[in-house]
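Tertiary structure, described
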Amino acid sequence: KREKNIKWRKSERMSTIEEKKEKQFYEILKQRKISSVFQPIVSLVDGEVYGFEALSRIEMEDCLFQTEELFQIAEKLDALWEIEAVCRKKSLQN
């Protein structure tokens, strides 16, 4: 019986964490709390820089997830297009 109680509490905590992550995701999306950093694309042959890749970063203190999970959450919530649009716009602003 104790084991079932422990599993239930763990499940309850997981649910609460998932709810917090969803809430944070929608806050990031609504307030566009994304910034961009640019990584050079460099030739391994001659070291020449061919261009830059825009990488998105979350601008939220105490965020419960990192950028990779941001996209996983977006896919789960059927909001991938929306978060990708925010990331594209932010990268073009920089």
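In short, a report on the structure. (Residues numbered from 1 in each chain as written. Predicted model: local features only at pLDDT ≥ 70, side-chain atom pairs only at ≥ 80, totals over all residues. Heavy atoms only, no water.)

Some thoughts on empty space enclosed by the protein
The following threshold applies: Points on a 1 Å grid, built from protein atoms alone, make a cavity when a 1.4 Å probe fits but cannot get out and make a pocket when they are open with protein on both sides within 12 Å along at least 5 of 7 lines; residues with an atom within 4 Å of a point are the lining residues. Grid points are joined across faces, edges and corners, and a volume is the space filled by probe spheres set on the points. Secondary structure elements are taken from DSSP: a helix is a run of H or I of four residues or more, a strand is a run of E of two residues or more, and numbering for both begins at the N terminus. Ten residues, namely Ala, Val, Leu, Ile, Met, Phe, Trp, Tyr, Cys and Pro, are considered nonpolar, four, namely Asp, Glu, Lys and Arg, are considered charged, and the remaining ones, Gly among them, are considered polar.
Applying the stated rule across the entire model yields 1 cavity of 30 Å³ or more. Within this model, the largest cavity holds a volume of roughly 30 Å³. Every residue lining the largest cavity is listed: Glu 18, Lys 21, Glu 22, Ile 73, Lys 76 and Leu 77. When residues of the lining of the largest cavity are traced back to their parent elements, those giving at least two are helix H1 (2-31) and helix H2 (67-76). Residues that form the lining of the largest cavity fall into these classes: 2 nonpolar, no polar and 4 charged.

Brief notes about the pairing of strand E2 (residues 49-58)
Regular strands have side chains that alternate between both faces of the sheet. Put simply, the test is: We treat two strands as partners when DSSP finds at least two bridges between them.
The pairing of strand E1 (residues 34-42) with E2 spans 9 bridges and is classified as antiparallel. Note that in E2 the partner of Gln 39 across the bridge is Glu 53. The antiparallel pairing of E1 with E2 creates a hairpin that spans 6 residues between the two strands, and Gly 47 there sits at a positive phi of about 80°.

So, the packing of aromatic side chains
Let me state the cut-off plainly: Note on aromatic pairs: the rings of Phe, Tyr and Trp (six-membered ring only in Trp) are paired at centre separations within 6.5 Å, and the planes decide the class, stacked below 30 degrees, edge-to-face beyond 60, tilted for the rest. Exposure categories follow from relative accessible area, calculated using a 1.4 Å probe and restricted to protein chains: below 20% of the type maximum is buried, above 50% is exposed, and the middle band is partly exposed.
Taken as a whole and judged by the stated rule, the model has 1 aromatic pair. Relative to Tyr 26, the ring of Phe 25 lies with its centre 5.4 Å away and its plane at 75°, an arrangement referred to as edge-to-face. According to the relative accessible area criterion, Phe 25 is buried, its value standing at 0%. Of the residues examined, Tyr 26 reaches a relative accessible area of 40% and is grouped as partly exposed.

Description of unusual backbone geometry
Phi at Arg 32 is positive, roughly 55°, even though this residue is not glycine. With respect to the helices and strands, the residue Arg 32 is situated in the loop between H1 and E1. Even without glycine at this site, Asp 78 takes up a positive phi of about 55°.

Focus on the nonpolar core
In summary, soluble globular proteins display a tendency toward joint burial of nonpolar side chains. Rule in force here: Only buried residues count toward a nonpolar core, which is a set of Ala, Val, Leu, Ile, Met, Phe, Trp, Tyr and Cys residues joined through side-chain atoms within 4.5 Å. The contact criterion used throughout is that any non-hydrogen atoms of two residues lie within 4.5 Å.
Core analysis: the largest hydrophobic core is formed by 15 residues, its most contacted members being Phe 25, Ile 28, Ile 34, Ile 58, Phe 65, Leu 70 and Ile 83. Elements supplying a minimum of two residues to this core: H1, H2 and helix H3 (80-93). If near-sequence neighbours (up to four positions away) are discounted, Ile 83 is found in contact with Phe 25, Ile 28, Leu 29, Leu 70, Phe 71 and Ala 74.

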